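# Summary of structural features
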Amino acid sequence: MKHLSNRRLAAALLLFCSSAVWGHSAMFPDGFKFDDSNEGDLPPAMMSAMQAATLCQGGSAGGYPCNNVDLMSFVAKADMGGGSANLNDIWGYSDPQTGAEIAIVGRNNGTSFVDVTTADAPVYLGFLPSHNNGSDSWRDIKVYNDHAFIVADGGGNSSHGLQVFDLRTLRNLPSPGQTLSETAHMNGFGNAHNIAINEDSGYAYVVGSNQCSGGLYMVDISDPLNPQYAGCFSSDGYTHDAQCVIYGGPDTEYSGREICVGYNEDTITIVDVTDKFNPVQVSRTLYQGSQYTHQGWFLDGNHSILIMNDELDESRNGHNTTSYIYDVSDLENPAELGRYVGPTPAIDHNLYTKDGYVYETNYRAGLRILDAANIASGQLSEVAYFDTIPNSNSAQFSGTWSNYAYFASGNIILSDIGNGLFVVRPDWDAINNPDPDPGDPQYCSAASNNASEEWIGEVSLATFSHSSGSSTYSDFTAQMVNLEEGANAVSLTPAFSGSSYGEYWKIWIDLNSDGDFDDSGEEVFSSGGTSSSTVTGTLTLPAGSEGVSTRLRIAMRYNAAPSPCGSFNYGEVEDYSVTIGSGGGGGGGDSDPVTYSNTGSYSIPDNNATGVSSPIDVDRGGASESISVSVDITHTYIGDLEVDLLAPGGTVFNLHNRSGGSADDIVQTYNLDAGTVESSGQWSLRVRDRANVDTGTINQWSLTFQ
């Protein structure tokens, strides 16, 4: 015991001495604003549908968009104690004695416990108030040896420390739905952003606290009710999140040692924490395009590959949800294998892995399940999803915060910030057998070997438009391109990380749906040479192709003509789904509505009379007459904004004129009569911020001719 006391004394001295040494900013002022817009007050029909387990059918479960994930139940935040407080992190506990599966749900003002053993009939057990009744947006929980360990962040939790709750007390509650009390508490730090626990070593790692420059604050929790400070790592400054393991990977130099992977704002930082009094930084890895290195997880116990996310790259770099894949078989030299770019612009948040799949919670795009079968080649593919925010996948901090996928039942729990707790279940029969029709084709693979210098930036085909980030291959087959027999406009734009290069483009469509692009007429577009700027032209589909629904492939290759299959050195390949209509859509006078959209992100300059404009090219001719304009604008004070629709000839239609005061965001559809204004040409959505301080973004908008 004397030896242990001396070690703790030495650790305390280390903490004191290390507080002035860090590489990153200390105590990152995490000022992200979480909101619950477009949440809460669910429509009665949706609430009714959610009273019982609802299968995902036809892309919907109880009104929620889905694919291969069923909705088992929903518990509104108002029914989990804690009043109207929003949700944040979530974790799970499986009682080894009773087999009960418990959802541990972080709230702004405490922690709720819900028994989800019977997935379609969850039972709210109790609410544990925050230590000292603090309240703020961030709380994080992990479990070790039948105890929950809870930290909380923000100024509202400046004296929170480490809260400990004995989960065994939930077995014999006098009645469900009561206020609970913490079992133990540890001071030593105040607020903290996150906590990681290595269940194999019995140590907790508090990160983002007001100690250790926000780095690893190590706590011995082998005696859960008597947690003891054990050491500190502060040399690389603030750590936002971490995973700590006993290393079992191929780097033999570190076999059996305790390794923490920290996500440190702009680097992946790996630390050997075997000796808590002398932790050693193994490596710190920067990456191209970093905005805020957020969180990640090893793929499996082999510890040779990890998947990581960046929380601000979607909104700042303007690409879709991006996951970064690293080969860490050499811990001192991690190497990027590739990047998975998802089908939506949503911000990614927490991700975890299990049995060869990645479970991402991507805020407004909800839970996304990715197959990691080809991850060694830097590729992931989406096989299932459940979205808690219908009608919006914009890059905002609302929607799902996190997920827990480790219950033996296979059920997954999701915390939705403004709504509540979702219990969902993947349909593994459908996921593992996605194509029950043996006649459906399997297409050849195609990809570049390197997309770090150039990639496909934007694709516009007739009325379809899509922007994306760097990837060697992107599976966008969840997105449908609508083309017509005859001529269809094509616009293809490359993106470069630095210098621009000459790129050769081709497009193929599997017109006879036989699973290849080899047949006559299936190469439907060729740039005919290289260009470093946007390539435009016409894609002509033959008569008789009406009604075909099939695969469309686009390849952009540096300095040479691409082929539809195989690999090449630089560029990218993207696949989409396509349906072909009867033609005539571009001639005007259609009786059916026609919609054009721009999903690109445009920053709105603060207090600027010029503002920013987002264009849409319309190839429909004739009078515009009745039109609908749907806008999705993020802004923290909509009373600053003037929003106008500009017709091709210069006619201005004002949609919003500095009304709404301090309310956030404009997500709204405006209907107006444009009369005889010519519809063909370039329309623009112009947004001007006419006051100081608040800022925002045009996330997307669309224009529908009725």
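First, a word on what this report is: a plain description of the structure on this page.

Now for the nonpolar core. Counting 47 residues, the largest nonpolar core has F113, L167, L170, I413 and L421 as the members making the most contacts within it. If we skip the residues at most four places from it in the chain, I413 touches I90, W91, G92, A103, V116, S402, N403, Y404, F407, L421, F422 and V423.

A separate point is the environment of A365. The topology assignment puts A365 in the loop between β26 (357–361) and β27 (367–371). Residue classification places A365 among the buried residues on the basis of a relative accessible area of 1%. Separated by 28 residues in the primary sequence, A365 and N393 place their C-alpha atoms 5.0 Å from one another. With sequence-adjacent residues up to four places away left out, A365 is seen in contact with T344, A346, F386, D387 and N393.

A few words now on the sheet that holds strand β17 (residues 241–246). Taken in spatial order, the four strands of this open sheet run β17-β18-β19-β20, and their pairing is antiparallel. On the outer flanks of this sheet lie β17 and β20 (280–285), each paired with one strand and no other. Strand-to-strand twist across the sheet, computed as the mean angle between neighbouring axes with direction ignored, equals 20°. Judged from the five bridges that link them, strand β19 (residues 268–272) and β20 form a sheet pairing that is antiparallel. When the bridges of β20 are listed, I270 appears paired with S283.

A separate point is the pattern of salt bridges. For side chains of opposite charge, pairing can occur when their charged atoms come near one another. Enumeration over the complete set of coordinates arrives at 15 salt bridges. Between D272 and R257 there is a salt bridge, with its nearest N and O atoms 2.5 Å apart. Placement of the pair is D272 in strand β19 and R257 in the loop between β17 and β18 (258–263), with a sequence separation of 15 residues. Note on R257: relative accessible area 33%, which makes it partly exposed. When the shortest N-O distance is used, the salt bridge between R551 and D575 registers 2.8 Å.

Looking now at the packing of aromatic side chains. Under the counting rule described, the total for this entry stands at 25 aromatic pairs. Considering the side-chain rings of Y404 and Y406, the 5.5 Å spacing of their centres and the 80° angle between planes classify their relative orientation as edge-to-face. Take Y404: its relative accessible area is 8%, and that puts it in the buried class. Using a relative accessible area of 26% as the deciding quantity, one classes Y406 as partly exposed. Three or more aromatic residues joined by ring pairs make a cluster, and in this case those are W91, W297, Y352, Y404, Y406 and F407.

This part is about the state of the cysteines. Tallying each qualifying case throughout the model produces four disulfides. Sulfur-sulfur distance for the disulfide between C56 and C66 comes to 2.1 Å. On the S-S bond that ties C56 to C66, the torsion sits near 105°, and the link is right-handed. Here the residue C56 occupies a position in the loop between α2 (44–49) and β1 (60–61), and C66 occupies one in strand β2 (residues 64–67), the gap between them amounting to 10 residues. Look at C56 and you get buried, because its relative accessible area is 17%. For the chain, the bonded cysteines pair up as 1-2, 3-4, 5-6, 7-8 when numbered in the order they occur along the sequence.

The next point concerns the sheet that holds strand β31 (residues 420–426). Here we have four strands laid out as an open sheet, ordered β3-β31-β30-β29, and antiparallel in their pairing. Each edge of the open sheet carries a strand with a single partner, namely β3 (69–76) and β29 (400–404). Shown here is a sheet whose adjacent strand axes are inclined to one another by a mean of 20°, direction ignored. Strand direction decides the pairing type here: strand β30 (residues 412–416) and β31, joined by four bridges, are antiparallel. By the bridge assignment, S415 is partnered in β31 with L421.

Turning our attention to the pairing of β29. The side chains of a regular strand alternate between both faces of the sheet. Here β29 lies mainly inside the structure; five of its five residues are buried. Bridge analysis of β29 against β30 gives four bridges, and the strand direction is antiparallel. Bridge assignment links S402 to a residue of β30, and that residue is S415.

Another point: the environment of I150. Mapped onto the secondary structure, I150 falls in strand β9 (residues 147–152). Residue class for I150 comes out buried when judged on its relative accessible area of 0%. Distance from I150 to F165, taken between C-alpha atoms, is 8.2 Å for residues 15 residues apart in sequence. Setting aside residues no more than four positions away along its own chain, I150 makes contact with T111, L128, R139, D140, I141, H160, G161, L162 and Q163.

The next thing to look at is unusual backbone geometry. In this model, N132 sits at a positive phi of 60°, which is unusual for a non-glycine residue. Mapped onto the elements of the fold, N132 is located in the loop between β7 (123–129) and β8 (139–144). For D146, which is not glycine, the phi dihedral falls at a positive 70°. Assignment of secondary structure puts D146 in the loop between β8 and β9.

What counts and what doesn't
Residues numbered from 1 in each chain as written. Predicted model: local features only at pLDDT ≥ 70, side-chain atom pairs only at ≥ 80, totals over all residues. Heavy atoms only, no water. Core = buried A, V, L, I, M, F, W, Y, C linked by side-chain atoms within 4.5 Å. Buried < 20%, exposed > 50% of the residue type's maximum accessible area, 1.4 Å probe, protein only. Contact = heavy atoms within 4.5 Å. Helix = DSSP H or I, 4+ residues; strand = E, 2+ residues; numbered from the N terminus. Pairing = 2+ DSSP bridges. Axes fitted to C-alpha atoms, helices over the stretch in contact; angles between N-to-C directions. Salt bridge = Lys/Arg side-chain N within 4 Å of Asp/Glu carboxyl O. Phe/Tyr/Trp six-rings, centres within 6.5 Å; stacked < 30°, edge-to-face > 60°. Disulfide = S-S within 2.5 Å.

All we've got here are geometric facts, nothing functional implied.
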